[in-house]
Amino acid sequence: MKENRGTLLCLLLLSVVIVLCGCHQTENTILQKPAVRSKICVGTMGASLMYPDNGWVEQACANLNIACLNKAVSGETTVHFAQKLWKNEYATSEELAQIDILLVQFANCRNVYGDSTTFYTTADEYTKNYTEFSNQLFREYSSAQQMDYILKKWQEICKQYRKPMHIIFVTHWHDGRVSYNENVRKLAKRWNADVCELDKYIGFTKDEPLADGTQPSIQYAVDTETINGELFGWHPLRGEKGEYIQSVMARILQTKLEEYIKTNNVK
């Protein structure tokens, strides 16, 4: 009988030791496990200069090890993104929760600034007469009014997700598109936002033509456009990894994002 009790006591002590060892091992495992942290995420609104086939936005984000949700669509303008926001089709709720910084580039809409006296106070006022059956949504408004709706709607979304509103406007890729570049800077000032100045740091200027008199932007473009009677590069060369002009834009954006994240303590 005593032997049985002794055996049971030994088994009990052995079980306690095993449990304690297991707990100690589990505790060490938990302590050694690195903390999981979601990446800073950049979202976009824009058209062909920004959409994913170019790759410069994605390259900049990858270099900084931050996430990228590039929602730019070739050929679309402020009216399309205003419609998407109103219809809740711009992004899923999970994606909206992830986006920390919004990049905005609508170089295909020259006047995104506009006269503020034509703006409504809230986003909802722009759509008070809209229903799910409404046609031609936002087409009664100017590009500047559509942009104002987009920004006020985004402001509401940021409040909904309890996060600060971080927006960086992006200029055209060169300084030939004077109207848009000037307006986007004024818009950024109005909203106390920042600007990624591709036109300023791209490495050439419209004020210094090539020896043959042509604009330097043409050599980096797949097509051309006429601005005030002069021929400029329109869409930059794209599609292939390592394309020079895309790499330059990626470096400019990378520098701006890194600076912005540190200055505004984006986490």
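Higher on the page you've got the structure.
Notes on the structure in this doc start here. These numbers were taken from a predicted model, which means no experiment stands behind them. Going along each chain's sequence as written, the residues are numbered from 1 onward. Two thresholds apply to this predicted model, a pLDDT of at least 70 for residue-level local features and 80 or more for giving and counting side-chain atom pairs, whereas whole-chain, interface and lining totals are computed over all residues. Just so you know, side-chain values use all the structure's heavy atoms and leave hydrogens and water out.

**Remarks on the pattern of salt bridges**
Side chains that differ in charge, positive against negative, can pair when their charged atoms come close. Note the following rule: Here, a salt bridge means any Lys or Arg side-chain nitrogen found within 4 Å of an Asp or Glu carboxyl oxygen. Numbering goes from the N terminus for both helices and strands, where a helix is a DSSP run of H or I of at least four residues and a strand is a run of E of at least two. Here the term buried applies to any residue with accessible area under 20% of the maximum for its type, exposed to any over 50%, and partly exposed to those in between, with areas from a 1.4 Å probe on protein chains only.
Taken as a whole and judged by the stated rule, the model has 11 salt bridges. Here Glu225 ties to Arg177 by a salt bridge, and the two come within 2.8 Å at their closest N and O atoms. With Glu225 in strand S6 (residues 224–227) and Arg177 in the loop between strand S4 (167–170) and helix H7 (178–190), this residue pair connects regions lying 48 residues apart in the sequence. Arg177 carries the same exposure label as Glu225, and that label is buried. One salt bridge in this structure joins Arg185 and Glu197, with 3.1 Å as the shortest N-O distance. Separated by 12 residues along the polypeptide, Arg185 in helix H7 and Glu197 in the loop between strand S5 (194–196) and helix H8 (198–201) bring together distant segments of the chain. The class of Arg185 is partly exposed, set by a relative accessible area of 28%.

**Considering the nonpolar core**
The condition is simple: As used in this record, nonpolar core signifies buried Ala, Val, Leu, Ile, Met, Phe, Trp, Tyr and Cys residues forming a set joined through side-chain atoms within 4.5 Å. Residue contacts follow a heavy-atom distance rule, with two residues in contact if any of their heavy atoms lie within 4.5 Å.
Ranked by size, the top nonpolar core spans 72 residues in total, and within it Met45, Trp56, Tyr90, Leu103, Phe138, Trp154 and Leu257 carry the most contacts. Top contributing element to this core by residue count: helix H9 (residues 244–263), with 9 residues. With near-sequence residues (within four places) excluded, Leu103 lies in contact with Val42, Gly43, Thr44, Met45, Met50, Val57, Ile168, Val170, Leu253 and Leu257.

Taken by themselves, the reported measurements are silent on function.
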